Amino acid sequence: MRRAPLLAAACWFALGIAIARHWLPSAVLILAIVFLAIFTWLALRWAFRIAIVPVAAIWITAGFWCWQIRPVPQVQRALQPYADGLSRNVRGRVVRVRPLAPRTKSTDQDNDPAWWIEREPQAADALSVDIAVEAIEDVTPDVSRMVPMSGGVRVTILSQDHPLPTLRCGDTIEIPLRLKVPERYRDPGAWQYADYLLSQGISMHANVRANRVQAVSGGTGNLQCRLYSAQTWASERMLRFVNSTENRRLPSAMQLTEDDAGMLNAMIFGDRTRLNHSLRLGFERTGSFHLFVVSGMHVALLAGMVFWIFEKLRLHRWLSTILTLALMTIYALLTGFGAPVQRALFMTAVFLIARLLSRKGNVLNALGAAALAELVWSPGSLFEASFQMTFLAIVAIAGIAVPLGERTFLPYTRVAQRLGDLWWDPVLPPRLAQLRVMLRMWGEALAGILGHWAGSLPGIILRCLLFFAELVLIGLIAEMIMALPMAMYFHRATIFALPANILTIPIVSLLAPAAIITFCATLLSPWLALLPAAGTALLLHGIVWSIERVSRLQSADLRVPGPVWWIAAVALMIWLLCCWAVRRSRAWTWAAGIALPLVFAAILWPEKPLIHPGALEITAIDVGQGDSLLVVSPQGDAMLVDAGGPVGGLTEAAAATSTFDVGEEVVSPYLWSRRIRRLDVLVLSHAHSDHMGGMTAVMRSFHPRELWVAVDPDSEAYRALLKEAAELHVTVRHLRAGNNVEWSGTTIKVLSPQSNYTNSGDPANNDSLVMRVEYGKASVLLEGDAEAASEQAMLARGLAPITLLKVGHHGSRTSTTPEFFSALAPKDAIVSVGKNNTFGHPRMEVIERIAAGGTRLYRTDEFGLTTFLLEQSGAIRELAEPDQDVFK
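Residues numbered from 1 in each chain as written. Predicted model: local features only at pLDDT ≥ 70, side-chain atom pairs only at ≥ 80, totals over all residues. Heavy atoms only, no water.

**Student:** Explain the overall build of the protein chain residue by residue, including any values.
**Tutor:** Helices and strands together make up the secondary structure of the protein chain, namely 30 helices and 24 strands. Its C-alpha atoms give the protein chain a radius of gyration of 31 Å, within 12% of the compact-globule value 29 Å for 888 residues. With respect to the three principal axes, the spread of C-alpha positions in the protein chain is 100 × 70 × 65 Å. Burial status across the protein chain gives 51% buried among its 888 residues. In the protein chain, of all internal contacts separated by at least 6 residues, the share reaching a separation of at least 24 is 73%. A total of about 41000 Å² of accessible surface is found on the protein chain, and carbon and sulfur atoms cover 61% of it. Taken together, the 79 basic and 73 acidic charged side chains of the protein chain have centroids lying 12 Å from each other. (Helix = DSSP H or I, 4+ residues; strand = E, 2+ residues; numbered from the N terminus. Rg over C-alpha atoms; globule rule 2.2 N^0.38 Å. Buried < 20%, exposed > 50% of the residue type's maximum accessible area, 1.4 Å probe, protein only. Contact = heavy atoms within 4.5 Å. Areas by Shrake-Rupley, 256 points an atom, 1.4 Å probe, with all protein chains shown as cover. Lys, Arg positive; Asp, Glu negative; His and termini not counted. Charge placed at Lys NZ, Arg CZ, Asp CG, Glu CD.)

Shown next as structure tokens:
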């Protein structure tokens, strides 16, 4: 309370927000605040030592109340009835415009004739435009008319051989759109694009060709739209210089490329639209992706540089402070003024104003003030990864690492300076004074041998060693604390984060100012920007080269499940205690030094997977219009059959710019929610992208022992998957009909493809690896996308009844033929299908066939993730909404 009262207030306030989700109504909270205020006044007047209790209660109650009155994004259901597949005229006002990176059309497509309906059309250039809807066309059998409507729509405008329109904030446009509801994946831990859009006021999305956009009138946009426009303008200005003749005349090592522009725009302007996915992956694997996110570090670096320049110009301190804050505010606006930049700007202002008022700048108090302001403005920020990581990083550095260094070696760094000032020695503690005497003696000895210039060499060497030790200490403490949010939100244990950050952060401290200087120079002339651009390119290429080498190590990317909630709570309490302990005594400092690695180990300690012992589990994961099934044996081994993906596939060029991977964002989070760290077997039914698209990400994250496949079609994406398997030392096993595999207490019989089946062309549905998994009297048939021809071949070899059927090809009429289904006679059937898909899956005739057979049908588009438990006796249990409590 004495050292950082605002930090304590922010913690109590956050505690109130965290508890308030199921708490009291606002009126009761207001009364509670009034009574607590009275008790606090009484305690402060007559019992000051116990005043901390009612003070804390006031802040906690204030957090309750703030959560109760927070603004909640509107659900925006008004537009949903119009997402019916019809093309309707929509009139609205432009609220945001962003250019998109070029995309490449796929050449590896699903053979279903309607694949193109599900895919978004590709174009060389595109615009992402957010519009606030004002009216929409209402179509009836008799008349069509425009009716008033409200809501937000994100429209992708594709060039398609037509120039893109020039749109500005506030323009009113009219477009024919086929509205789509953003897909939701009903799986634990899955990232929801729909929620992301809703937080920005968007409830629908659509695509349209450029020649269909009609401008109705001009207008003036709101402040947020203007901020987005400023961000886009700054990014485009940097990209224009990269493509200029002047930049291309530089040597390749000193020449900025478009990939470089994407990284620089992400770093200094927060614009990630052109950030290359393959480059991004390397930084994520080494725990250094924060270098390319506009964060407090970048704002602090630039503020320090600007303030230092004004100080060197001998401006008055108050004028330097005002000019620095003004310039940093302009810079923050150029980045889109996101929440991390707001927090960093607020903390910078608190620190500089405290310095101006000749008060000692307390970083933790400034952190508390910034956190408190952010939580009052937006209570939901408490549950965002960016807020938590910023808070914990500053606590790690300013709250623990720096005080720990002050108690150990940092005083030696200061006394190793200005060794010629003899008057300083008597006022220092004896051990520090002795060090200065020893450094002078060593300097005199070296000067006698090497010359006068070597006299200061011992002091310089010691300062460099201690500076490196300070970097190691700060990096080590930061990584031990950041392990919690990294495991919770990104499921990564970045083993090489410490050396990567020690190597790159000093370079970034030069790179960020150099990039800003380059941008400012481009505003005047490309020729003026050549010199700073060359330096920027050298620094950036050096960082990328280093990170690429480190990220190639297999152990650099260790994926882990998040810890259970009580471990996270205990970790937070211990870290706050460490902030207090390192400022008390040497004994408490040693206690903190021991507690930190123990907490780190507890966060990453492998826990037992959540399984159903003694039962064969089949879980259909909701991956939209695709397939992914988790099979867990009675002995606890895990097999994943397919991993979902986009309908139609992506080329390598398109994948590089894609920002969503169903394997990374949907399938893997579910496996981590089950605390699964490694797969025993990964199975690819066939090489269509809606089964294979997420498989590479899953393979990288869970390092399966074996990869089971059937045939080898002519597919670039399939060959890339096999190459990835070879690099990860995964054994590839080809299976055909007649192969039997004993796996973890079950028997797996391969029914298709037949031994004489070949396919040297594009992937086909009949390539599907069909497996019958038997456990006692229970059995399940996993059919992939096998069609009638494959089913007839299986019938010819003979089929026995089963307990559970994974319906073939998402319920298409080309599969699940009457004879095939009659021979299997399953008790239950599951079909994996996307909601409102335009294929018409599952087909009505297939649904009727299954119902006529007395089989219970489960659909992922209606039930979401669905689990089936098969007992050895042949009994089956369905868990349409699995709960953590069912795991024993």
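That shown, we press on.
**Student:** Break down the environment of Pro826 for me, citing the residues and quoting the values.
**Tutor:** Among the secondary structure elements, Pro826 is positioned in the loop between α28 (818-824) and β21 (828-831). Overall, the relative accessible area of 4% leaves Pro826 in the buried class. For Pro826 and Leu799, which are 27 residues apart along the polypeptide, the C-alpha to C-alpha distance reads 12 Å.

**Student:** How would you sum up the side chain of Asn765? Please name residues and give values.
**Tutor:** Tracing the backbone shows Asn765 in the loop between β17 (746-752) and β18 (770-775). Judged by its relative accessible area of 6%, Asn765 is buried. Looking at Asn765, its side chain comes within polar contact range of the side chain of His688, at 3.1 Å. Side-chain polar atoms of Asn765 contact the side chain of Glu787, separated by 2.9 Å. (Polar contact = N/O pair within 3.5 Å; in protein donor to acceptor, adjacent residues only side chain to side chain.)

**Student:** Describe in detail the nonpolar core, supporting the description with residues and values.
**Tutor:** Counting residues in each nonpolar core, the largest one holds 76 residues, and the members touching the most others are Leu367, Ile400, Ile477, Trp575 and Ile603. Ala234, Leu511, Ala521 and Ile547 belong to the second largest nonpolar core, which has 43 residues in total. (Core = buried A, V, L, I, M, F, W, Y, C linked by side-chain atoms within 4.5 Å.)

**Student:** Run through the sheet that holds strand β15 (residues 731-734), naming residues and quoting values.
**Tutor:** Neighbouring strands of a sheet are bound in pairs by backbone hydrogen bonds; such pairs are parallel or else antiparallel. In space, the 8 strands of this open sheet follow the order β15-β14-β13-β12-β11-β10-β23-β24, with mixed pairing throughout. Strand pairing shows two members of the sheet lacking a second neighbour, β15 and β24 (876-879), which therefore form its edges. Looking at each pair of strands side by side, their axes are set apart by 20° on average, direction ignored. When strand β11 (residues 629-632) meets strand β12 (residues 638-641), the two strands line up antiparallel, connected through 4 bridges. Bridge pairing in β12 places Val632 opposite Ala638. Its contacts with the sheet put helix α25 (residues 695-702) on β12, β13 (681-683) and β14 (706-709), and the angle it makes with β13 is roughly 175°. Across the face of the sheet, helix α26 (residues 716-727) comes into contact with β14 and β15 while running at roughly 155° to β14. (Pairing = 2+ DSSP bridges. Axes fitted to C-alpha atoms, helices over the stretch in contact; angles between N-to-C directions.)

**Student:** With reference to specific residues and values, describe a positive patch on the surface.
**Tutor:** Judged by side-chain charge, Arg3, Arg407, Arg431, Arg584 and Arg586 come together as a positively charged surface patch. As for its position among the elements, Arg586 is in helix α21 (residues 586-604). Owing to a relative accessible area of 55%, Arg586 belongs among the exposed residues under this scheme. (Patch = residues over 30% accessible without salt bridge, like charges linked within 9 Å, V, L, I, M, F, W, Y side chains within 5 Å. Salt bridge = Lys/Arg side-chain N within 4 Å of Asp/Glu carboxyl O.)

**Student:** I'd love a proper account of the pairing of strand β6 (residues 204-209), names of residues and values included.
**Tutor:** Here β6 lies mainly inside the structure; 5 of its 6 residues are buried. Where strand β4 (residues 152-158) and β6 come together, 6 bridges link them in parallel fashion. Paired with Arg154 across the two strands is His205, which belongs to β6.

**Student:** I'd like a rundown of helix α17 (residues 457-490), residues and numbers included.
**Tutor:** It helps to recall that an α-helix has 3.6 residues per turn; residues three or four apart then point in one direction. A bend of about 40° at Met482 is the largest found in α17, and the proline Pro485 appears one to four places after it. Residue His491 follows α17 closely and has a positive phi angle near 50°. (Bend = angle between axes of the 7 residues up to and from the residue.)

**Student:** Give a detailed account of the sheet that holds strand β20 (residues 804-806), specifying residues and quantitative values.
**Tutor:** Read from one edge of the open sheet, 7 strands run β16-β17-β18-β19-β20-β21-β22, paired in mixed fashion. Two strands lie at the open edges of the sheet, namely β16 (740-743) and β22 (856-859), each paired on one side alone. Between one strand axis and the next, the sheet turns through 20° on average, direction left out of account. The sheet contact formed by strand β19 (residues 778-782) and β20 spans 3 bridges and is parallel. For Leu781, the partnering residue across the bridge sits in β20 and is Leu805.

**Student:** Help me get a handle on the packing of α17 against helix α18 (residues 497-524), residues and values and all.
**Tutor:** The interhelical angle for the contact between α17 and α18, taken along N-to-C directions, is 130°, at an axis separation of 9 Å. Comparing the axis directions of α17 and α18 gives the class oblique. Considering only the axes of α17 and α18, their crossing is right-handed. Contacts between α17 and α18 involve Phe468, Leu471, Val472, Gly475, Leu476 and Glu479 on the former and, on the latter, Ala497, Leu498, Asn501, Ile502 and Pro506. Of the residues in the contact of α17 with α18, the class split is 8 nonpolar, 2 polar and 1 charged. (Parallel < 35°, antiparallel > 145°, perpendicular 65-115°, else oblique. Left-handed = near helix turned anticlockwise from the far one by under 90°. Nonpolar A, V, L, I, M, F, W, Y, C, P; charged D, E, K, R; others polar.)

**Student:** Account for helix α1 (residues 5-19), with residues named and values stated.
**Tutor:** Taking 1.5 Å per residue, 15 residues should reach 21 Å; α1 reaches 21 Å between its end C-alpha atoms and fits that length. Listed as buried for α1 are Leu7, Ala8, Ala9, Ala10, Trp12, Phe13, Ala14, Gly16 and Ile17. In the core, the buried residues of α1 are packed alongside α3 (52-68), α13 (363-377) and α14 (385-406). (Expected span 1.5 Å × (residues − 1).)

**Student:** Kindly report on the state of the cysteines, identifying the contributing residues and their values.
**Tutor:** Summed over all chains, the structure comprises 1 disulfide. Residue pairing for Cys169: its cysteine sulfur links by disulfide to Cys225, the two sulfurs lying 1.9 Å apart. Judged by the sign of its S-S torsion, about -90°, the cystine formed by Cys169 and Cys225 is left-handed. You can see Cys169 sitting in the loop between β4 and β5 (172-177) and its partner Cys225 sitting in helix α6 (residues 223-242), a full 56 residues away along the chain. Looking at Cys169, the relative accessible area reads 13%, which means it is buried. The thiol sulfur of Cys11 is not disulfide-bonded, and the nearest other cysteine sulfur, from Cys579, lies at 8.8 Å. Judged by its relative accessible area of 23%, Cys11 is partly exposed. (Disulfide = S-S within 2.5 Å.)

None of the figures reported here should be taken as evidence of function without further support.
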